[in-house]
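Structural overview for review
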Amino acid sequence: MLLPNQVLVQTSDIKGAGTDAQVSVVLFGEKDGVVVDSGTHKLDNSSNNFERGALDMFMITCRDLGDKLTRLVITSDHNGLASSWHLNSVEVLDTARGSSTCFPCSKWFDGSKDPASLQQVLLPAGATAAGLELLQYEVVVYTSDIRGAGTDANISIELHGQKDHTGPMRLETSANNFERGIRDAFSLAAPDLGPLMHVVVVKEGGGLAGDWHLQMVEVLHPGLQQRFCFPYGDWIKGNKRCILQQQDTAAGAGARQVTYKVSVTTSDVRGAGTDANVSIVLYGTQGDTGERRLESSANDFERGKTDTFFLASPNIGELKSLRISHDNSGLGSAWHLDRVEVASHANSQPLIFPYRKWLDDKHGCSVVLWPDNDGDGSGDTGQQMQETEYNIKVYTSDMRGAGTDASVYVEIHGSQGSIGATRLENATNNFERNRVDEFVVKGSELGDLTKLVIWHDNSGASAD
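Here goes a summary of the coordinates provided. (Residues numbered from 1 in each chain as written. Predicted model: local features only at pLDDT ≥ 70, side-chain atom pairs only at ≥ 80, totals over all residues. Heavy atoms only, no water.)

Focus on the overall build of the protein chain
We apply this condition: Put simply, DSSP marks the helices as runs of H or I at least four residues long and the strands as runs of E at least two long, and each gets a number from the N terminus on. Here the term buried applies to any residue with accessible area under 20% of the maximum for its type, exposed to any over 50%, and partly exposed to those in between, with areas from a 1.4 Å probe on protein chains only. Contact criterion: two residues are considered in contact whenever any of their non-hydrogen atoms come within 4.5 Å of each other. A 1.4 Å probe and the Shrake-Rupley method give the accessible areas. Residues count as covered only by the protein chains that appear here.
Within the protein chain, the secondary structure is distributed over zero helices and 31 strands. Principal axes of the C-alpha set define a box for the protein chain whose edges measure 80 × 55 × 45 Å. Of all 464 residues assigned to the protein chain, the portion counted as buried reaches 48%. Sequence-distant contacts in the protein chain: of pairs separated by 6 or more residues, those separated by 24 or more amount to 71%. For the protein chain, the exposed surface amounts to about 22,500 Å²; the carbon and sulfur share of it is 45%.

Quick look at the structure:
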């Protein structure tokens, strides 16, 4: 049943308080123990609204929000010549029940100084004394590091938890957000939502640079002190609303892809950076990721810098250790590695793998690291991972055009786990017509082999 609500908006009586911007509102209440919202409503009528000291009245019709409103979200689009606005308060009258709720504000909505100020979450008068408060959620958005990944579109997000949810909350700062390979961080005010279940990302507009390749969204719940990860790894084209779920890591090894966020910090000491090619293998209770090259469009592994990479792999279970190495190439190949941090859905908190030593000719260019579980700053050395060698023979057909110059990869699956994407390469010119190429892949013990997945990246002049 839809019910009418009268919304009274009081613009402050101070210099420059009025605005020509478009204003919208979302009301939140609780009905039968469930948090419900009104949806987004534009506040517009035939009057010249939101002038200095004015009280403007609007009628909105929405679902029954219960006996008592719990909060509202009010947003300005910051358009028009006089776009800044100082809002004094909002009062909502439930005409069906004859009750009213006042929401104090007394804040500026001024995108030229602070884009985040254009959206305010307001609590009822006296809410703080009653123990109600807003938390500041950290939302981190990773745009993929591929050609054309960035966007000029307007991006908003909804957070959905077990206890509550938000309405659409715009993601905007004074920086040039959502560029290729960039990490954008935002602070959003909301009540305790409980453990997060999913987020909704909404993309609108953007013109010629509208398409966007979204890698992942991370949300830090400040009350739970828990970070929730929502991978995507795909294009968002046109105006679109996308639901990002947490991945189910209990499905068993090889059941589905899991995204691992790997953050590598180079030490802040003289000569610490490297120009060598760096690779990593993550080892878990249900297999390993295979050896992966860590590279991006940026100048990676510079002194004092943290570089972030994303690895998609079959679920390897609980993360136990990793091996990181470089090929000693380039003029400045010696590398002083400070630490590696790995976040995934299998671990409620990121795991930190400390090192703080050189990887070079003298000390070795490869090392196995264990996580610092007890917080003493050193890795907790565990059982050495015993790698198994798998001999793979690839038979290219004897027919015209059968060979390829592309890079070829395999995934190996067994009864005890899996080895993620591993490139097949050796010193010879592989995958030529009527050739048999042999490779050795090192990885976890998989038990009885059940499946092999092979593909190529379509690179090179003769990719097919």
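There's plenty left to go through after this.
Let's talk about the sheet that holds strand 13 (residues 183-190)
Operational definition: A pair of strands is treated as paired once DSSP finds two or more bridges between them. Orientation is described by lines fitted to C-alpha atoms, with helices fitted over the stretch in contact, and by angles between N-to-C directions that extend from 0 to 180 degrees.
Taken in spatial order, the four strands line up as 13-10-15-16 in an open sheet, and their pairing is antiparallel. The open sheet terminates on both sides in strands that have one partner only, identified here as strand 13 and strand 16 (226-236). Taken over all neighbouring pairs, the strand axes of this sheet differ in orientation by 20° on average, direction set aside. When strand 10 (residues 135-143) meets strand 13, the two strands line up antiparallel, connected through eight bridges. Within strand 13, the position partnered with Leu-135 by the bridge is Ala-190.

Focus on the sheet that holds strand 25 (residues 351-359)
A sheet is described by the order of its strands in space; here four strands give the open sequence 22-18-24-25, paired in antiparallel fashion. The open sheet has two edge strands with one neighbour each: strand 22 (306-314) and strand 25. Neighbour to neighbour, the strand axes of the sheet diverge by 20° on average, direction disregarded. Bridging between strand 18 (residues 257-266) and strand 22 involves nine bridges; their strand directions are antiparallel. Bridge pairing in strand 22 places Tyr-260 opposite Leu-311.

Re the environment of Ala-21
Inspection of the secondary structure puts Ala-21 in the loop between strand 1 (2-11) and strand 2 (23-31). Taking relative accessible area as the criterion, Ala-21 reaches 6% and is therefore assigned buried. Through-space distance from the C-alpha of Ala-21 to that of Ser-321 is 54 Å; in sequence the pair is 300 residues apart. Not counting the four nearest positions on each side in its chain, Ala-21 is found in contact with Phe-50, Ser-76, Asp-77, His-78, Asn-79, Ala-82 and Ser-83.

Comments concerning the side chain of Ser-76
Where we set the bar: Under this definition, polar contacts are N or O atom pairs within 3.5 Å; protein pairs additionally need one hydrogen-donor-capable and one acceptor-capable atom, and for neighbouring residues in sequence, both atoms have to be side-chain atoms.
Mapped onto the elements of the fold, Ser-76 is located in strand 6 (residues 69-76). Within polar-contact distance, the side chain of Ser-76 engages the backbone nitrogen of His-78 at 3.1 Å. The residues contacting Ser-76, other than those within four sequence positions of it, are Ala-21, Gln-22, Ser-83, Phe-109, Leu-118 and Arg-170.

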